[in-house]
Amino acid sequence: MDTQEITAEKKETEEMTEEEETMEEVNTDEKVTVIGVRFRNVGKIYYFDPTGFEINVGDKVIVETARGIEIGTVLLGAREVSVESIVSPLKGIERIATEEDVKHAEENRAKEKESCVKCKELIEKHGLDMKLVGAEYTFDNKKLLFYFTSDGRVDFRELVKDLASVFRTRIELRQIGVRDEAKLLGGLGICGRELCCASYLSDFAPVSIKMAKEQGLPLNPTKISGNCGRLMCCLKNENETYKYLNSNLPNKGDTIITPTGREAAVEDLNVLRQQVIVVVEGEDDIKERQTYHVSEISFKQKRKKIEITDEEAKELEGLEDDDIATSDIEEDTQDNRNSDYKESNRREHNRGRDNSRGREKNDGRNHEYRKNRKNNKKKHYNKKNDNYRNDRNNND
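Reading the values: the criteria
- Residues numbered from 1 in each chain as written.
- Predicted model: local features only at pLDDT ≥ 70, side-chain atom pairs only at ≥ 80, totals over all residues.
- Heavy atoms only, no water.
- Pairing = 2+ DSSP bridges.
- Helix = DSSP H or I, 4+ residues; strand = E, 2+ residues; numbered from the N terminus.
- Axes fitted to C-alpha atoms, helices over the stretch in contact; angles between N-to-C directions.
- Contact = heavy atoms within 4.5 Å.
- Left-handed = near helix turned anticlockwise from the far one by under 90°.
- Nonpolar A, V, L, I, M, F, W, Y, C, P; charged D, E, K, R; others polar.
- Buried < 20%, exposed > 50% of the residue type's maximum accessible area, 1.4 Å probe, protein only.
- Polar contact = N/O pair within 3.5 Å; in protein donor to acceptor, adjacent residues only side chain to side chain.

*Asks:* Account for the pairing of strand β3 (residues 60–65), with residues named and values stated.
*Replies:* Relative to strand β4 (residues 68–82), β3 runs antiparallel, the two being bridged by six bridges. Its bridge partner lying in β4, Val61 is registered against Gly72. Where β3 folds back on β4, the antiparallel hairpin that results is connected by two residues. The pairing of β3 with strand β5 (residues 93–96) spans three bridges and is antiparallel. Bridging across to β5, Val61 finds its partner in Ile96.

This is the structure:
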(Lines give C-alpha, C1' and ligand atoms only; values in the text may rest on other atoms or scores of the structure.)
Protein backbone atom coordinates (compact mmCIF):
# COMPACT_ATOMS: atom_id res chain seq x y z
CA MET A 1 0.00 0.00 0.00
CA ASP A 2 1.24 3.49 -0.90
CA THR A 3 2.43 5.74 1.93
CA GLN A 4 0.28 8.62 0.62
CA GLU A 5 -2.86 6.44 0.74
CA ILE A 6 -2.16 5.48 4.36
CA THR A 7 -1.57 9.14 5.31
CA ALA A 8 -4.79 10.22 3.58
CA GLU A 9 -6.79 7.46 5.29
CA LYS A 10 -5.29 8.38 8.66
CA LYS A 11 -6.24 12.04 8.17
CA GLU A 12 -9.79 11.09 7.15
CA THR A 13 -10.16 8.83 10.21
CA GLU A 14 -8.95 11.59 12.54
CA GLU A 15 -11.38 14.10 10.99
CA MET A 16 -14.32 11.69 11.40
CA THR A 17 -13.33 11.02 15.02
CA GLU A 18 -13.07 14.73 15.81
CA GLU A 19 -16.46 15.34 14.19
CA GLU A 20 -18.12 12.60 16.28
CA GLU A 21 -16.53 13.92 19.49
CA THR A 22 -17.74 17.43 18.65
CA MET A 23 -21.30 16.16 18.13
CA GLU A 24 -21.23 14.42 21.52
CA GLU A 25 -20.07 17.52 23.38
CA VAL A 26 -22.85 19.72 24.85
CA ASN A 27 -22.38 23.37 25.55
CA THR A 28 -23.75 23.60 29.07
CA ASP A 29 -22.83 27.30 29.40
CA GLU A 30 -25.29 28.45 26.74
CA LYS A 31 -28.04 30.68 28.10
CA VAL A 32 -31.44 31.71 26.77
CA THR A 33 -33.81 34.48 27.88
CA VAL A 34 -37.24 33.30 29.07
CA ILE A 35 -40.28 34.35 31.10
CA GLY A 36 -42.34 32.11 33.39
CA VAL A 37 -46.08 31.78 32.72
CA ARG A 38 -48.72 30.00 34.80
CA PHE A 39 -52.15 29.07 33.43
CA ARG A 40 -53.95 28.10 36.61
CA ASN A 41 -54.15 29.65 40.07
CA VAL A 42 -51.91 26.88 41.36
CA GLY A 43 -49.91 24.99 38.77
CA LYS A 44 -46.59 24.59 37.07
CA ILE A 45 -44.70 27.51 35.58
CA TYR A 46 -43.80 27.15 31.90
CA TYR A 47 -41.05 28.98 30.03
CA PHE A 48 -41.70 31.08 26.91
CA ASP A 49 -39.57 33.30 24.69
CA PRO A 50 -40.36 37.00 25.34
CA THR A 51 -38.48 38.29 22.27
CA GLY A 52 -40.20 41.33 20.77
CA PHE A 53 -42.30 42.20 23.83
CA GLU A 54 -41.78 44.26 26.97
CA ILE A 55 -43.44 42.07 29.58
CA ASN A 56 -43.72 42.68 33.31
CA VAL A 57 -44.60 40.34 36.15
CA GLY A 58 -48.39 40.12 36.51
CA ASP A 59 -49.17 40.77 32.84
CA LYS A 60 -51.62 38.54 31.02
CA VAL A 61 -50.25 36.99 27.83
CA ILE A 62 -51.62 34.87 24.99
CA VAL A 63 -49.40 31.90 24.14
CA GLU A 64 -49.59 28.73 22.07
CA THR A 65 -49.38 25.46 24.01
CA ALA A 66 -49.76 21.78 23.23
CA ARG A 67 -53.48 22.15 23.97
CA GLY A 68 -53.92 25.22 21.77
CA ILE A 69 -54.09 28.97 22.38
CA GLU A 70 -54.16 29.79 26.10
CA ILE A 71 -54.12 32.86 28.33
CA GLY A 72 -51.72 32.88 31.26
CA THR A 73 -50.20 35.14 33.91
CA VAL A 74 -46.53 36.09 33.93
CA LEU A 75 -45.03 35.11 37.29
CA LEU A 76 -41.33 35.21 36.40
CA GLY A 77 -39.87 38.22 34.61
CA ALA A 78 -37.31 37.99 31.83
CA ARG A 79 -34.25 36.06 32.98
CA GLU A 80 -31.49 33.88 31.57
CA VAL A 81 -31.57 30.13 32.15
CA SER A 82 -29.44 27.29 30.83
CA VAL A 83 -30.56 25.54 27.66
CA GLU A 84 -30.72 22.23 29.55
CA SER A 85 -33.49 23.55 31.84
CA ILE A 86 -35.97 24.24 29.04
CA VAL A 87 -38.02 21.95 26.83
CA SER A 88 -37.23 22.52 23.17
CA PRO A 89 -38.52 24.05 21.02
CA LEU A 90 -39.08 27.17 23.13
CA LYS A 91 -42.29 28.82 21.98
CA GLY A 92 -42.79 32.57 21.87
CA ILE A 93 -45.51 34.96 23.00
CA GLU A 94 -48.40 35.53 20.61
CA ARG A 95 -49.36 38.88 22.15
CA ILE A 96 -50.01 40.66 25.40
CA ALA A 97 -53.62 40.09 26.47
CA THR A 98 -56.06 42.96 26.02
CA GLU A 99 -59.13 43.79 28.08
CA GLU A 100 -61.25 41.93 25.52
CA ASP A 101 -59.06 38.84 25.95
CA VAL A 102 -59.47 38.94 29.74
CA LYS A 103 -63.23 39.37 29.34
CA HIS A 104 -63.35 36.44 26.93
CA ALA A 105 -61.49 34.24 29.47
CA GLU A 106 -64.05 35.18 32.14
CA GLU A 107 -66.88 34.23 29.77
CA ASN A 108 -65.23 30.85 29.25
CA ARG A 109 -65.21 30.28 33.03
CA ALA A 110 -68.97 30.91 33.11
CA LYS A 111 -69.58 28.56 30.16
CA GLU A 112 -67.60 25.82 31.94
CA LYS A 113 -70.18 25.69 34.76
CA GLU A 114 -73.00 25.26 32.25
CA SER A 115 -71.12 22.53 30.40
CA CYS A 116 -70.65 20.60 33.67
CA VAL A 117 -74.41 20.50 34.20
CA LYS A 118 -75.00 19.09 30.73
CA CYS A 119 -72.17 16.58 31.04
CA LYS A 120 -73.56 15.22 34.33
CA GLU A 121 -76.92 14.65 32.65
CA LEU A 122 -75.26 12.66 29.85
CA ILE A 123 -73.20 10.64 32.35
CA GLU A 124 -76.39 9.60 34.13
CA LYS A 125 -78.03 8.83 30.80
CA HIS A 126 -75.23 6.43 29.83
CA GLY A 127 -75.03 4.99 33.35
CA LEU A 128 -71.26 5.45 33.66
CA ASP A 129 -69.47 4.88 36.95
CA MET A 130 -67.55 8.17 36.98
CA LYS A 131 -67.63 11.38 39.00
CA LEU A 132 -67.33 14.64 37.09
CA VAL A 133 -64.98 17.08 38.83
CA GLY A 134 -64.81 20.06 36.50
CA ALA A 135 -64.58 21.38 32.96
CA GLU A 136 -62.22 23.74 31.17
CA TYR A 137 -62.32 25.56 27.83
CA THR A 138 -59.17 26.52 25.98
CA PHE A 139 -58.93 30.24 25.28
CA ASP A 140 -59.86 29.85 21.61
CA ASN A 141 -62.81 27.54 22.45
CA LYS A 142 -61.46 24.88 20.10
CA LYS A 143 -61.26 22.32 22.88
CA LEU A 144 -63.38 21.48 25.93
CA LEU A 145 -61.84 19.31 28.65
CA PHE A 146 -63.76 17.39 31.31
CA TYR A 147 -62.00 16.07 34.42
CA PHE A 148 -63.39 13.05 36.22
CA THR A 149 -62.49 10.45 38.83
CA SER A 150 -63.31 6.75 38.80
CA ASP A 151 -62.23 3.61 40.63
CA GLY A 152 -61.49 1.76 37.42
CA ARG A 153 -61.58 1.89 33.66
CA VAL A 154 -64.47 3.73 32.03
CA ASP A 155 -65.51 3.27 28.40
CA PHE A 156 -66.73 6.76 27.57
CA ARG A 157 -66.64 6.60 23.77
CA GLU A 158 -70.38 7.07 23.37
CA LEU A 159 -70.34 9.87 25.93
CA VAL A 160 -67.66 11.71 23.95
CA LYS A 161 -69.76 11.48 20.78
CA ASP A 162 -72.78 12.97 22.54
CA LEU A 163 -70.70 15.76 24.08
CA ALA A 164 -69.17 16.61 20.72
CA SER A 165 -72.61 16.84 19.11
CA VAL A 166 -73.88 19.12 21.90
CA PHE A 167 -70.93 21.54 22.24
CA ARG A 168 -69.72 21.40 18.62
CA THR A 169 -66.05 21.43 19.58
CA ARG A 170 -63.22 19.03 20.25
CA ILE A 171 -63.88 17.05 23.47
CA GLU A 172 -61.33 15.53 25.82
CA LEU A 173 -62.08 13.46 28.92
CA ARG A 174 -59.30 13.20 31.44
CA GLN A 175 -59.21 10.83 34.40
CA ILE A 176 -57.48 12.31 37.44
CA GLY A 177 -56.61 11.10 40.96
CA VAL A 178 -58.24 12.03 44.26
CA ARG A 179 -55.44 14.44 45.10
CA ASP A 180 -55.98 16.31 41.83
CA GLU A 181 -59.70 16.38 42.62
CA ALA A 182 -59.04 18.12 45.93
CA LYS A 183 -56.70 20.55 44.16
CA LEU A 184 -59.39 21.47 41.62
CA LEU A 185 -62.28 21.77 44.07
CA GLY A 186 -60.35 23.42 46.91
CA GLY A 187 -61.56 23.57 50.51
CA LEU A 188 -60.36 23.92 54.09
CA GLY A 189 -58.12 21.49 55.96
CA ILE A 190 -58.44 20.37 59.57
CA CYS A 191 -56.11 23.25 60.50
CA GLY A 192 -58.74 25.73 59.31
CA ARG A 193 -56.62 27.04 56.46
CA GLU A 194 -57.09 26.62 52.71
CA LEU A 195 -55.78 23.32 51.34
CA CYS A 196 -52.05 23.38 50.57
CA CYS A 197 -52.58 21.85 47.13
CA ALA A 198 -55.17 24.49 46.23
CA SER A 199 -53.23 27.46 47.61
CA TYR A 200 -49.52 27.12 46.81
CA LEU A 201 -48.38 23.56 45.93
CA SER A 202 -47.54 23.22 42.23
CA ASP A 203 -46.49 19.56 42.49
CA PHE A 204 -47.50 16.66 44.73
CA ALA A 205 -44.61 15.37 46.82
CA PRO A 206 -44.64 11.74 47.98
CA VAL A 207 -45.83 11.39 51.59
CA SER A 208 -45.36 8.25 53.68
CA ILE A 209 -46.61 6.92 57.01
CA LYS A 210 -43.01 6.97 58.29
CA MET A 211 -43.15 10.77 58.16
CA ALA A 212 -46.08 10.74 60.60
CA LYS A 213 -44.18 8.42 62.96
CA GLU A 214 -41.05 10.58 62.66
CA GLN A 215 -43.06 13.57 63.89
CA GLY A 216 -44.67 11.62 66.72
CA LEU A 217 -48.21 11.98 65.37
CA PRO A 218 -50.95 9.52 66.38
CA LEU A 219 -51.49 6.99 63.59
CA ASN A 220 -55.19 7.76 63.38
CA PRO A 221 -56.52 8.01 59.80
CA THR A 222 -58.83 10.89 60.71
CA LYS A 223 -55.91 12.87 62.19
CA ILE A 224 -53.28 12.47 59.47
CA SER A 225 -55.37 12.31 56.29
CA GLY A 226 -56.63 15.26 54.26
CA ASN A 227 -59.84 15.97 52.36
CA CYS A 228 -58.70 13.66 49.56
CA GLY A 229 -58.47 10.66 51.91
CA ARG A 230 -54.69 10.46 51.51
CA LEU A 231 -51.92 11.47 53.90
CA MET A 232 -51.77 15.24 54.38
CA CYS A 233 -49.27 17.00 52.12
CA CYS A 234 -48.09 19.17 55.03
CA LEU A 235 -46.44 16.11 56.64
CA LYS A 236 -43.67 16.65 54.10
CA ASN A 237 -43.09 20.28 55.11
CA GLU A 238 -41.52 19.67 58.54
CA ASN A 239 -40.18 16.17 58.02
CA GLU A 240 -36.55 17.23 57.51
CA THR A 241 -36.68 19.46 60.60
CA TYR A 242 -37.99 16.61 62.76
CA LYS A 243 -35.32 14.28 61.35
CA TYR A 244 -32.61 16.71 62.43
CA LEU A 245 -34.12 17.35 65.89
CA ASN A 246 -34.68 13.64 66.54
CA SER A 247 -31.08 12.88 65.63
CA ASN A 248 -29.97 14.96 68.66
CA LEU A 249 -32.17 13.06 71.14
CA PRO A 250 -31.99 9.57 72.71
CA ASN A 251 -34.73 7.03 72.04
CA LYS A 252 -37.52 6.21 74.44
CA GLY A 253 -36.38 3.51 76.86
CA ASP A 254 -32.67 4.37 76.52
CA THR A 255 -30.52 4.90 79.61
CA ILE A 256 -28.91 8.31 80.03
CA ILE A 257 -26.63 9.96 82.61
CA THR A 258 -28.20 12.92 84.43
CA PRO A 259 -26.24 16.07 85.44
CA THR A 260 -25.88 14.55 88.93
CA GLY A 261 -24.18 11.46 87.50
CA ARG A 262 -27.09 9.09 88.07
CA GLU A 263 -28.53 6.71 85.50
CA ALA A 264 -32.13 7.21 84.37
CA ALA A 265 -34.45 5.72 81.80
CA VAL A 266 -35.99 7.94 79.11
CA GLU A 267 -39.76 8.02 79.49
CA ASP A 268 -40.77 10.70 77.01
CA LEU A 269 -39.35 13.35 74.67
CA ASN A 270 -40.21 16.92 73.76
CA VAL A 271 -38.74 17.13 70.29
CA LEU A 272 -39.33 20.81 69.57
CA ARG A 273 -37.94 21.97 72.93
CA GLN A 274 -35.17 19.35 72.80
CA GLN A 275 -36.06 18.12 76.28
CA VAL A 276 -35.86 14.63 77.77
CA ILE A 277 -38.27 13.39 80.46
CA VAL A 278 -36.69 10.67 82.60
CA VAL A 279 -37.62 8.56 85.62
CA VAL A 280 -35.12 8.81 88.49
CA GLU A 281 -35.18 6.68 91.64
CA GLY A 282 -34.98 8.92 94.71
CA GLU A 283 -34.79 8.22 98.41
CA ASP A 284 -36.82 5.32 99.80
CA ASP A 285 -37.12 3.91 96.24
CA ILE A 286 -39.47 6.71 95.26
CA LYS A 287 -39.46 7.31 91.53
CA GLU A 288 -39.44 10.87 90.30
CA ARG A 289 -40.02 12.33 86.84
CA GLN A 290 -37.50 14.98 85.89
CA THR A 291 -36.97 17.04 82.73
CA TYR A 292 -33.55 17.88 81.30
CA HIS A 293 -32.39 19.70 78.21
CA VAL A 294 -30.46 17.47 75.85
CA SER A 295 -27.32 19.56 76.40
CA GLU A 296 -27.37 18.71 80.14
CA ILE A 297 -27.28 14.92 79.80
CA SER A 298 -24.91 12.39 78.30
CA PHE A 299 -25.89 9.27 76.38
CA LYS A 300 -24.75 6.95 73.67
CA GLN A 301 -26.23 8.36 70.51
CA LYS A 302 -27.87 5.81 68.24
CA ARG A 303 -30.65 6.51 65.81
CA LYS A 304 -33.50 4.03 65.92
CA LYS A 305 -34.81 2.98 62.53
CA ILE A 306 -38.47 3.83 62.02
CA GLU A 307 -40.49 0.82 60.97
CA ILE A 308 -44.15 0.27 60.22
CA THR A 309 -45.67 -2.83 61.80
CA ASP A 310 -48.06 -5.09 59.88
CA GLU A 311 -50.90 -4.03 62.17
CA GLU A 312 -50.24 -0.34 61.53
CA ALA A 313 -49.93 -0.91 57.79
CA LYS A 314 -53.26 -2.73 57.72
CA GLU A 315 -55.01 -0.03 59.74
CA LEU A 316 -53.65 2.77 57.55
CA GLU A 317 -54.05 0.92 54.26
CA GLY A 318 -54.99 3.24 51.42
CA LEU A 319 -53.64 6.44 52.98
CA GLU A 320 -50.42 6.38 50.99
CA ASP A 321 -51.08 7.50 47.43
CA ASP A 322 -50.24 4.48 45.29
CA ASP A 323 -52.14 5.95 42.34
CA ILE A 324 -50.11 7.93 39.88
CA ALA A 325 -51.12 11.53 40.34
CA THR A 326 -51.08 13.69 37.26
CA SER A 327 -49.33 16.45 39.28
CA ASP A 328 -50.48 18.89 36.69
CA ILE A 329 -53.72 18.18 34.88
CA GLU A 330 -52.59 20.24 31.94
CA GLU A 331 -50.39 17.54 30.47
CA ASP A 332 -51.71 14.11 29.41
CA THR A 333 -54.59 14.16 26.89
CA GLN A 334 -57.16 11.83 25.37
CA ASP A 335 -58.39 12.79 21.91
CA ASN A 336 -62.01 12.02 20.96
CA ARG A 337 -60.93 11.65 17.32
CA ASN A 338 -58.91 8.60 18.26
CA SER A 339 -61.08 5.56 17.49
CA ASP A 340 -59.26 3.41 20.01
CA TYR A 341 -60.23 3.97 23.62
CA LYS A 342 -57.27 5.05 25.72
CA GLU A 343 -57.65 3.53 29.11
CA SER A 344 -56.83 5.75 32.05
CA ASN A 345 -54.39 8.49 32.92
CA ARG A 346 -52.37 5.97 34.89
CA ARG A 347 -51.77 3.80 31.84
CA GLU A 348 -50.85 6.86 29.77
CA HIS A 349 -48.35 7.89 32.43
CA ASN A 350 -46.84 4.42 32.62
CA ARG A 351 -46.53 4.26 28.85
CA GLY A 352 -44.70 7.59 28.82
CA ARG A 353 -42.44 6.43 31.64
CA ASP A 354 -41.59 3.24 29.77
CA ASN A 355 -40.83 5.26 26.63
CA SER A 356 -38.50 7.55 28.53
CA ARG A 357 -36.69 4.53 29.98
CA GLY A 358 -36.42 3.13 26.47
CA ARG A 359 -34.92 6.38 25.23
CA GLU A 360 -32.38 6.35 28.05
CA LYS A 361 -31.50 2.77 27.17
CA ASN A 362 -31.14 3.64 23.49
CA ASP A 363 -28.97 6.65 24.32
CA GLY A 364 -26.67 4.33 26.24
CA ARG A 365 -26.54 1.90 23.34
CA ASN A 366 -25.80 4.72 20.87
CA HIS A 367 -22.96 5.92 23.08
CA GLU A 368 -21.50 2.41 23.21
CA TYR A 369 -21.91 2.08 19.44
CA ARG A 370 -20.01 5.31 18.75
CA LYS A 371 -17.30 4.31 21.21
CA ASN A 372 -16.87 0.86 19.63
CA ARG A 373 -16.90 2.36 16.16
CA LYS A 374 -14.07 4.73 17.05
CA ASN A 375 -12.03 1.90 18.58
CA ASN A 376 -12.60 -0.32 15.54
CA LYS A 377 -11.41 2.45 13.20
CA LYS A 378 -8.22 2.84 15.23
CA LYS A 379 -7.63 -0.93 15.18
CA HIS A 380 -8.25 -1.01 11.43
CA TYR A 381 -5.76 1.81 10.83
CA ASN A 382 -3.11 0.22 13.10
CA LYS A 383 -3.52 -3.12 11.30
CA LYS A 384 -3.00 -1.49 7.89
CA ASN A 385 0.04 0.33 9.22
CA ASP A 386 1.53 -2.94 10.49
CA ASN A 387 0.88 -4.63 7.12
CA TYR A 388 2.58 -1.76 5.30
CA ARG A 389 5.66 -1.99 7.54
CA ASN A 390 5.87 -5.76 7.05
CA ASP A 391 5.63 -5.40 3.24
CA ARG A 392 8.35 -2.76 3.22
CA ASN A 393 10.65 -4.91 5.40
CA ASN A 394 10.12 -7.91 3.12
CA ASN A 395 10.94 -5.81 0.04
CA ASP A 396 14.09 -4.54 1.70
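*Asks:* Tell me what's going on with the sheet that holds β3, and back it up with residues and numbers.
*Replies:* Pairing is antiparallel across the open sheet formed by five strands, whose spatial order is β2-β1-β4-β3-β5. The outermost strands of the open sheet, each flanked by one partner alone, are β2 (46–48) and β5. Across the sheet, the axes of successive neighbouring strands diverge by a mean angle of 50°, strand direction being ignored. In the packing of helix α2 (residues 99–126) onto the sheet, contacts are made with β3, β4 and β5, and the angle to β4 comes to roughly 120°.

*Asks:* So what's going on with the packing of α2 against helix α3 (residues 157–167)? Which residues, and what values?
*Replies:* Geometrically, a packed helix pair is captured by the angle between its two axes and the distance between the axes. Two numbers describe how α2 lies on α3: the axes approach to 10 Å, and their chain directions differ by 145°. The handedness of the crossing between α2 and α3 is right-handed. Here Ser115, Lys118, Cys119, Leu122, Ile123, Lys125 and His126 of α2 lie close against α3, whose contacting residues are Glu158, Leu159, Asp162, Leu163, Val166 and Phe167. Looking at the contact of α2 with α3 residue by residue, the class counts come to seven nonpolar, two polar and four charged.

*Asks:* A description of the side chain of Arg67 should follow, citing residues and the corresponding values.
*Replies:* Here Arg67 shows up in the loop between β3 and β4. Judged by its relative accessible area of 10%, Arg67 is buried. Looking at Arg67, its side chain comes within polar contact range of the side chain of Glu70, at 2.9 Å.

Remember, this is a structural readout, not a statement about activity or role.
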